[in-house]
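Residue-level structure breakdown
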Amino acid sequence: MPESKRPKKNKPAALDMSTGEATAASLLAHGIKTVYALPGVHNDHLFDAFHRAGDTLRVVHTRHEQGAAYMALGAALATGKPQAYCVVPGPGLLNSGAALLTAYGMNAPVLALIGQIPHAAIGRGLGHLHEIRDQAGIIARLVDHSAHINGPVETPAKVAKAIASMRQGRPGPAALECAIDVWGKRGRVALVPPIPPRAPLIDEDKVRAAAKLLGRAKRVLIVVGGGAQDASSEVTQLSRLLQAPVMAYRRGRGVLDGRNPYSVTPPLGRELWGEADAVLAVGTRLLNPITHWGIDNKLQIVRIDADREEPARLHKPKVALIGDAAPLLRKLIAELEKYNSRRAPRHDEMLGRQVKLRERLDKLSPQLAFVDVIRAELPEEGIYVDDVTQIGFAARVAFPVYRPRTFLSPGYQDNLGWGYASALGAQHARPEVPVVAVSGDGGFLYTGNELATAMRHRIPLVAVVFADGAYGNVRRIQEEDFGNRLIASDLVNPDFVKYAESFGAAGRRARNPQELGIALKAAFARREPTVIEVPIGPMPSPWEFLHMPRVRGKKLP
Ligand SMILES: Cc1ncc(C[n+]2csc(CCOP(=O)(O)OP(=O)(O)O)c2C)c(N)n1
Ligand SMILES: [Mg+2]
């Protein structure tokens, strides 16, 4: 063979493939072995490529596009690894929209594969099946990285770039769209390896400045968000070195083991925020503490964030360190050895504060009786998936989370109904650990239809549905703040036990915390799709533990 015709070293040979086959092969080359999906004519060639990939690539099909996208989201949050979903254009895309929006808000690495109308018709408004005006523009508003696939040859590079973007800087979703007549087009395709993440250079001067500031401080509070999920051991070590409590609300839970008395949620976090002279904020927007609890120049803030733009968005911190939390924290720990001061241990103080808080939380005892039982039955490594419900609000302040990625809560979108389908994705991606979805009767029926998916794909998710016959949170606000003028907050429910049984799943009813404990123990042992209905009455308001007034300085708008 003449020299020029010989394949270059390290360059894989080009193979004859369709765009769909190149997409499937590229997903596999990036370790993505599952696509959560709902098919349709626009993506037939892509699904045929998935079929041809055989057992190496699993397609988990759902009953609604929101289910597919939420499953990918739940899987991404439970594993920290990129996940993919695939839907038809127009209504398929919009049906998946709330999940994609939530993936953006939660910085979750979800890849959306979206069909398109015939290539030559895009933008012409001819009224093709599932046509939507400026689909690419709509997608571009929902994610930071999106691209259009024009044919097989460019597919591997576009997939690689999209997946790299999901880990680069602030992580998050990405989207690729491709026309109905392009998925099947063939060409000579050379696969490309994953693009290695570019770690930003660590600014040693800034690390030193942060170490000096924190080393000198007398009362440090660490605040963690979703960006700290992979830095659990570093945060734990820093908490010890600085004698600093660690506060988390929704996304940072489990970074410091909830059994550690230094692990706090907002009610204690606010007290500590008021007393602190320094805050180390890791992978969190810090929006609620700054805007609600106030800020003054006696509180020095060090921020660690993957996104360069984030730290100064609301309030300029003293020091901003840009990059992944774990390597930056390791540098900070090393540097602190030189500058850290001696501080008295706060162990007993923190234990005392925790006991006092628990006494205050007695007001929420109807919710906490259930929360405690779920914690008692869910194994240490089990995953709790939250929804926007009265039990959920109590859990956000009082459910101790033992490990990272074991408390999934929908972040600032706080979108009702994400729970069941996201939990299904978490359970699918982590089959070895039990997962429990905790919903209200309102939230459950958003995606409770995916019980059919749980049965079809044998996903042994356990769902607990607290049924009060109401959008209870809304109803309580109408009762307490709007003179009991009730509107649009009552619900007519199915019998959730029979509902589950009609799918062939296990249905149970638990009338009190003790019965819930028994039902959960059995369900985690049986490992089959299960719905446990818990009939409840009205619950006390959790707001005094979540919406708390200013404790220092001025309040930012
Ligand atoms: C997508 C979305 N729509 C509406 C809301 C507003 N909302 C917050 S809580 C709630 C009621 C939840 O009802 P349910 O799931 O039964 O839980 P409960 O409050 O009764 O415990 C509603 C409608 C929301 N958070 N997200
Ligand atoms: Mg309800």
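Residues numbered from 1 in each chain as written. Chains lettered and ligands numbered in written order. Predicted model: local features only at pLDDT ≥ 70, side-chain atom pairs only at ≥ 80, totals over all residues. Heavy atoms only, no water.

Focus on the overall build of the chain
A count of helices and strands for the chain gives 21 helices and 20 strands. Taking 2.2 N^0.38 as the reference for a compact globule, 557 residues should give roughly 24 Å; the C-alpha atoms of the chain span a radius of gyration of 25 Å, in line with that estimate. If one aligns the C-alpha atoms of the chain with their principal axes, the spans along those axes are about 75 × 60 × 45 Å. When burial is assessed residue by residue, the chain has 55% of its 557 residues classed as buried. Within the chain, contacts between residues separated by at least 24 positions form 77% of all contacts whose residues are at least 6 apart in sequence. In the form shown here, the chain has an accessible surface area of approximately 23700 Å², with 53% of it arising from carbon and sulfur atoms. (Helix = DSSP H or I, 4+ residues; strand = E, 2+ residues; numbered from the N terminus. Rg over C-alpha atoms; globule rule 2.2 N^0.38 Å. Buried < 20%, exposed > 50% of the residue type's maximum accessible area, 1.4 Å probe, protein only. Contact = heavy atoms within 4.5 Å. Areas by Shrake-Rupley, 256 points an atom, 1.4 Å probe, with all protein chains shown as cover.)

Looking at the packing of aromatic side chains
In this description, an aromatic ring pair is defined by two values, namely the gap between the centres and the angle between the planes. Here the structure, examined in full by the defined rule, presents 11 aromatic pairs. Aromatic pair Y384 and F399: ring centres 4.5 Å apart, planes at 45 degrees, arrangement tilted. You can see Y384 sitting in strand β15 (residues 383-385) and its partner F399 sitting in the loop between α15 (390-398) and β16 (407-408), a full 15 residues away along the chain. Taken together through their ring pairs, the aromatic side chains of Y420, F444, F496, Y499 and F503 make up a single cluster. (Phe/Tyr/Trp six-rings, centres within 6.5 Å; stacked < 30°, edge-to-face > 60°.)

A look at the coordination of the magnesium ion (ligand 2)
The protein atoms donating to the magnesium ion (ligand 2) are D441 (OD), D468 (OD) and A470 (O), with metal-donor distances spanning 2.1 to 2.2 Å. The motif formed by the donor residues of the magnesium ion (ligand 2), counted along the single chain, is D-x26-D-x1-A. Remark: A470 occurs in the loop between β18 (462-467) and α19 (472-481) and D441 occurs in helix α17 (residues 441-447); sequence separation between them is 29 residues. Residue class for A470 comes out buried when judged on its relative accessible area of 3%. (Donors = N, O, S within 2.8 Å, 3.2 Å for Na, K, Ca; no water.)

Some remarks on the sheet that holds strand β7 (residues 174-179)
Pairing in this open sheet of six strands is parallel, and the strands run β3-β2-β4-β5-β7-β6 from one edge to the other. Single-partner strands in this sheet number two, and they are β3 (58-61) and β6 (145-149). Neighbouring strand axes in the sheet, compared pairwise and without regard to direction, differ in orientation by 25 degrees on average. (Pairing = 2+ DSSP bridges. Axes fitted to C-alpha atoms, helices over the stretch in contact; angles between N-to-C directions.)

A word on the packing of helix α3 (residues 65-79) against helix α16 (residues 419-429)
With their axes 6 Å apart at the nearest point, α3 and α16 run at an angle of 50 degrees to one another. With respect to their mutual orientation, α3 and α16 come out oblique. Two packed elements cross with a definite hand, and for α3 against α16 that hand is right-handed. Seen from α3, the contacting residues are G67, Y70, M71, G74, A75, A78 and T79; seen from α16, they are A421, S422, L424, G425, A426, H428 and A429. In the contact of α3 with α16, the residues fall into eight nonpolar, six polar and no charged. (Parallel < 35°, antiparallel > 145°, perpendicular 65-115°, else oblique. Left-handed = near helix turned anticlockwise from the far one by under 90°. Nonpolar A, V, L, I, M, F, W, Y, C, P; charged D, E, K, R; others polar.)

A closer look at the pattern of salt bridges
Per the stated rule, a full pass over the model turns up 36 salt bridges. Close ionic contact of K338 with E335 constitutes a salt bridge, the shortest N to O distance being 3.1 Å. Remark: E335 and K338 occur in helix α12 (residues 325-339); sequence separation between them is three residues, near one turn of the helix. What emerges from the salt-bridge pattern is a single network uniting R219, E271, E275, R346, E349 and R353. (Salt bridge = Lys/Arg side-chain N within 4 Å of Asp/Glu carboxyl O.)

Some words on the sheet that holds strand β19 (residues 506-509)
An order of β16-β15-β17-β18-β20-β19 is seen for the six strands of this open sheet, with the pairing classed as parallel. With one partner strand each, in any of the chains shown, β16 and β19 form the two edges of the open sheet. Direction of pairing for β15 relative to β16: parallel, over a ladder of two bridges. Of the residues in β16, the one forming a bridge with V385 is L408.

Examining the site of ligand 1
The immediate surroundings of ligand 1 are formed by 17 residues, with D441, G442, G443, G472 and N473 found nearest. Note that a nitrogen atom of ligand 1 is positioned 3.0 Å from one of the backbone N or O atoms of L416. In the complex, the protein chains occlude 75% of the 590 Å² of accessible area that ligand 1 would expose alone. Among the secondary structure elements, those contributing two or more residues to the shell around ligand 1 are α17 and α19. With four residues, the top contributor of residues to the shell around ligand 1 is α17. Class assignment of the residues belonging to the shell around ligand 1 gives a composition of six nonpolar, eight polar and three charged. (Near = heavy atom within 4 Å. Polar contact = N/O pair within 3.5 Å; in protein donor to acceptor, adjacent residues only side chain to side chain.)

Describing the pairing of strand β17 (residues 435-440)
Regular strands have side chains that alternate between both faces of the sheet. Counting buried positions over the six residues of β17 gives six, a clear majority of the element. Across the two faces of β17 the burial is the same, with V435, A437 and S439 and V436, V438 and G440 all buried. The sheet contact formed by β15 and β17 spans three bridges and is parallel. Bridge pairing in β17 places Y384 opposite V436.

Observations regarding the packing of helix α14 (residues 365-377) against helix α21 (residues 513-526)
In the contact formed by α14 and α21, the axes pass within 9 Å of each other and the chain directions differ by 25 degrees. When the axes of α14 and α21 are compared, the pair comes out roughly parallel. Between α14 and α21 lies a crossing of right-handed hand. Residues A369, F370, V373, I374 and E377 of α14 lie in contact with α21, whose contacting residues are P513, L516, G517, L520, K521 and F524. Residue classes in the contact of α14 with α21 are distributed as eight nonpolar, one polar and two charged.

Some remarks on the layout of surface pockets
Size it by volume and the second largest pocket reaches roughly 330 Å³. G258, S263, Q354, V397 and A398 are the residues nearest the centre of the second largest pocket, which is lined by 18 residues in total. Sorting the residues of the lining of the second largest pocket by element identifies β11 (263-264), α13 (347-360) and α15 as the ones contributing at least two each. Examining the composition of the lining of the second largest pocket, we find that four residues originate from one element, α13, more than from any other. (1 Å grid on protein atoms, 1.4 Å probe; cavity = no way out; pocket = protein on both sides within 12 Å on 5 of 7 lines; lining within 4 Å. Points joined across faces, edges and corners; volume = space filled by probe spheres on them.)

Some words on a nonpolar patch on the surface
A cluster of nonpolar side chains, Y446, Y471 and V474, forms an exposed patch at the surface whose accessible area comes to about 250 Å². Mapped onto the elements, Y471 comes out in the loop between β18 and α19. Taking relative accessible area as the criterion, Y471 reaches 31% and is therefore assigned partly exposed. (Patch = residues over 30% accessible without salt bridge, like charges linked within 9 Å, V, L, I, M, F, W, Y side chains within 5 Å.)

What to know about the state of the cysteines
Summed over the entire model, instances satisfying the criterion amount to zero disulfides. Looking at C86, it has no disulfide partner, and the nearest cysteine sulfur is the one in C178, 9.9 Å off. Classification of C86 by relative accessible area gives buried; the value is 0%. For C178, a relative accessible area of 0% puts it in the buried group. (Disulfide = S-S within 2.5 Å.)

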